[in-house]
Amino acid sequence: MTVGAVPDGDVDGRSDGVFIKVITVAEDGRAIFARTTSGGSTQLSFPDPVDLRRGEIIFIDNQQQWFRAPDAVWAEDSGVGVVRKLLDDSVVIETSGGGMRVLNGKPDVAVEPGNTVQYTEIDGITRVISVTPLRYRDSGLDEDLAEYIVKRGDTKLTFDSFGGYDNVKSRARELIETQLDHADDLRKIGAKPVKGVIFTGAPGTGKTHLARIIADVADAVFYLVSGPSIVSKWVGDSEETLRRLFEDAAKKPRAIIFFDEIDSIAARRSADSNGESKRVVAQLLTLLDGFEAGSNVIVIAATNRVEDIDEALLRPGRFDWEIQFNLPTSQDRREILMLKADELETEDDLPLDVLTVLTDGWSGAMLTALWTEAALIAVGDGRVRIADEDLAIAHERVRMRPVRARAEVSDVA
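As a starting point, this report considers the structure included with it. (Residues numbered from 1 in each chain as written. Predicted model: local features only at pLDDT ≥ 70, side-chain atom pairs only at ≥ 80, totals over all residues. Heavy atoms only, no water.)

What to know about helix α3 (residues 207-217)
Moving on, step 1. Regarding α3, the residues found buried are Lys207, Leu210, Ala211, Ile213, Ile214, Ala215 and Asp216.
Moving on, step 2. Where α3 is buried, its residues contact α1 (166-181), β11 (196-201), β12 (221-226), β13 (255-260), β14 (297-303) and β15 (319-325).
Moving on, step 3. Of the residues one or two after α3, Asp219 is the one with positive phi, at around 55 degrees. (Buried < 20%, exposed > 50% of the residue type's maximum accessible area, 1.4 Å probe, protein only. Helix = DSSP H or I, 4+ residues; strand = E, 2+ residues; numbered from the N terminus. Contact = heavy atoms within 4.5 Å.)

Description of the packing of α1 against α3
Moving on, step 1. Here α1 crosses α3 at 35 degrees, and the two axes come no closer than 10 Å. When you trace α1 past α3, the crossing you get is right-handed. Taken together, the residues of α3 that come into contact with α1 (itself represented by Val168, Ala172, Leu175 and Ile176) are Leu210, Ile214 and Val217. (Axes fitted to C-alpha atoms, helices over the stretch in contact; angles between N-to-C directions. Left-handed = near helix turned anticlockwise from the far one by under 90°.)

Focus: the pairing of β14
Moving on, step 1. Counted residue by residue, β14 has seven buried out of seven residues, so it is predominantly covered.
Moving on, step 2. Pairing between β11 and β14: five bridges, direction parallel. Bridge pairing links Val197 to Ile300 in β14.
Moving on, step 3. Here β13 runs beside β14; their pairing, made up of five bridges, is parallel. Following the sheet pairing, Phe258 is matched in β14 by Ile300. (Pairing = 2+ DSSP bridges.)

Thoughts on the sheet that holds strand β5 (residues 66-69)
Moving on, step 1. Taken in spatial order, the five strands line up as β3-β2-β1-β4-β5 in an open sheet, and their pairing is antiparallel. In this open sheet, the two edge strands, each paired with only one partner strand, are β3 (41-45) and β5. Here the strands of the sheet are splayed against their neighbours by 40 degrees on average, with no regard to which way each runs.

A word on a nonpolar patch on the surface
Moving on, step 1. There is a patch of nonpolar side chains on the surface, built from Val80, Ile129 and Leu134 and spanning about 220 Å² of accessible area.
Moving on, step 2. One can find Ile129 in strand β10 (residues 124-130). (Patch = residues over 30% accessible without salt bridge, like charges linked within 9 Å, V, L, I, M, F, W, Y side chains within 5 Å. Areas by Shrake-Rupley, 256 points an atom, 1.4 Å probe, with all protein chains shown as cover. Salt bridge = Lys/Arg side-chain N within 4 Å of Asp/Glu carboxyl O.)

Thoughts on the nonpolar core
Moving on, step 1. Ranked by size, the top nonpolar core spans 45 residues in total, and within it Phe199, Leu210, Ile214, Ile256, Trp371 and Leu391 carry the most contacts.
Moving on, step 2. Not counting residues up to four positions away in its chain, the partners in contact with Phe199 are Lys207, Leu210, Ala211, Ile214, Ile300, Ala301, Ala302, Thr303, Ile323 and Phe325.
Moving on, step 3. Within the second largest apolar cluster, 31 residues are counted, among which are Tyr148, Ile230, Val281 and Leu284. (Core = buried A, V, L, I, M, F, W, Y, C linked by side-chain atoms within 4.5 Å.)

Details of the sheet that holds β15
Moving on, step 1. Read from one edge to the other, the open sheet built from five strands follows the order β12-β13-β14-β11-β15, with strand pairing classed as parallel. The two strands at the open ends of the sheet, each matched to only one other strand, are β12 and β15. Along the sheet, successive strands turn relative to each other by an average axial angle of 20 degrees, direction set aside.
Moving on, step 2. This element, α1, spans β11, β14 and β15 of the sheet and lies at about 155 degrees to β15.

With respect to a negative patch on the surface
Moving on, step 1. Together, Glu347, Asp348, Asp349, Asp388 and Glu389 give the surface a local cluster of negative charge.
Moving on, step 2. Structurally, the position occupied by Asp348 is in the loop between α7 (330-343) and α8 (352-358). (Lys, Arg positive; Asp, Glu negative; His and termini not counted. Charge placed at Lys NZ, Arg CZ, Asp CG, Glu CD.)

Some remarks on α1
Moving on, step 1. Helix length check: α1, at 16 residues, gives a terminal C-alpha distance of 21 Å against a target of 22 Å (1.5 Å per residue), a fit within 8%.
Moving on, step 2. All of the buried residues in α1 are Val168, Lys169, Ala172, Leu175, Ile176, Gln179 and Leu180. Buried residues of α1 fall within an arc of 120 degrees about the axis and therefore sit on the same side.
Moving on, step 3. Structurally, α1 contributes buried residues whose contacts are with α2 (183-189), β11, α3, β14 and β15. (Expected span 1.5 Å × (residues − 1). Arc of directions from axis to C-beta.)

Section: the pattern of salt bridges
Moving on, step 1. On inspection of all chains with the given rule, the structure shows 18 salt bridges.
Moving on, step 2. Between Glu174 and Arg171 there is a salt bridge, and its shortest N-O distance comes to 3.2 Å. Here Glu174 and its partner Arg171 are both found in helix α1, three residues apart, which amounts to about one turn of the helix.
Moving on, step 3. The exposure class of Glu174 is partly exposed, given its relative accessible area of 33%.
Moving on, step 4. For Arg171, a relative accessible area of 31% translates into the label partly exposed.
Moving on, step 5. Ionic pairing is found between Arg243 and Glu247, a salt bridge with its closest N-O pair at 2.5 Å. Of this pair, Arg243 and Glu247 are both found in helix α5 (residues 237-251), four residues apart, which corresponds to roughly one turn of the helix.
Moving on, step 6. Residue class for Glu247 comes out partly exposed when judged on its relative accessible area of 41%.
Moving on, step 7. Look at the salt bridges and you will find they share partners, linking Arg152, Asp216 and Asp219 into a network.

Take a look at the structure:
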């Protein structure tokens, strides 16, 4: 359609015609491609160049004359999304509904991956709402962080529920007493309290269980963070979640942030490391350096592959303490077996001394599995108490399970 060469004027008072929105200006201003209010597309030609820009609204009357119109006459809902990738000629965003869209053209506003933006189909990105990804539940309550908070059980855990490992428990008690109970005294002395503690040792030796006990004894909120739960495929999400976790913990009277298998999210950086891994490690370093030492937050991490963790995390001032969980000694194994026996319905005179010898090299998790198997055998036989023959059969079952090779755990330099 060709529009007459009539100077643009005021649309007020004109009722017969259509409104259109400019998509592209072509041919040095002598043509435009536009969208109608019904959603269709049209092309307009002008005898002379016109000064129009993408997104402007114009009115075409029945005499094919055009007039500028205010933005308010165009009823078009905008959307909200998170920028995921910047291309040479477009922007990829994740919409609020979870889908992906490509907005053609370079945006008129400066944006970066991870920005939350407002956009329309024609105008593209119109403004940056937040430099970080916003979520549905961003109401100031951080409700979406609830998945990381472990609710306490009906019975409060104590150090008595952790069998053996007297040296490890002593070190953990010291952590609570000095870091949390006497933080003010440490500040008066001028000492820098411990920021982070790393538990190292073989799988199944009770690292996570002890962290839960520390949180219960210290009356602290317990945040459990694992690799799959924190690492996102989207740029910026993992770092943002970590930042919000630390901010949320700082609001609590006392908090323990526990990173399970931290080697999966903070692996040693190298030239071959992907960008996401490097960003997560960098953010974690920043957070450990930035939060107030001696306040109300203790960071605990656990790993059975300490040699794979980025060395920058292990220097003093970040993870200051290392508590090693070796395989239980003979005394440890006996205490673990006795602790579980006291929790269950058992016959008298169980051969715990014999089991202590037979389970040399077993982890705490394997010893717990021994009691689980024995209970299943007893119930299957129609009994409600574990007998010595149940333990004998259970020992053989657990012993015959395949053992997968694991890497040796090295000391932190």
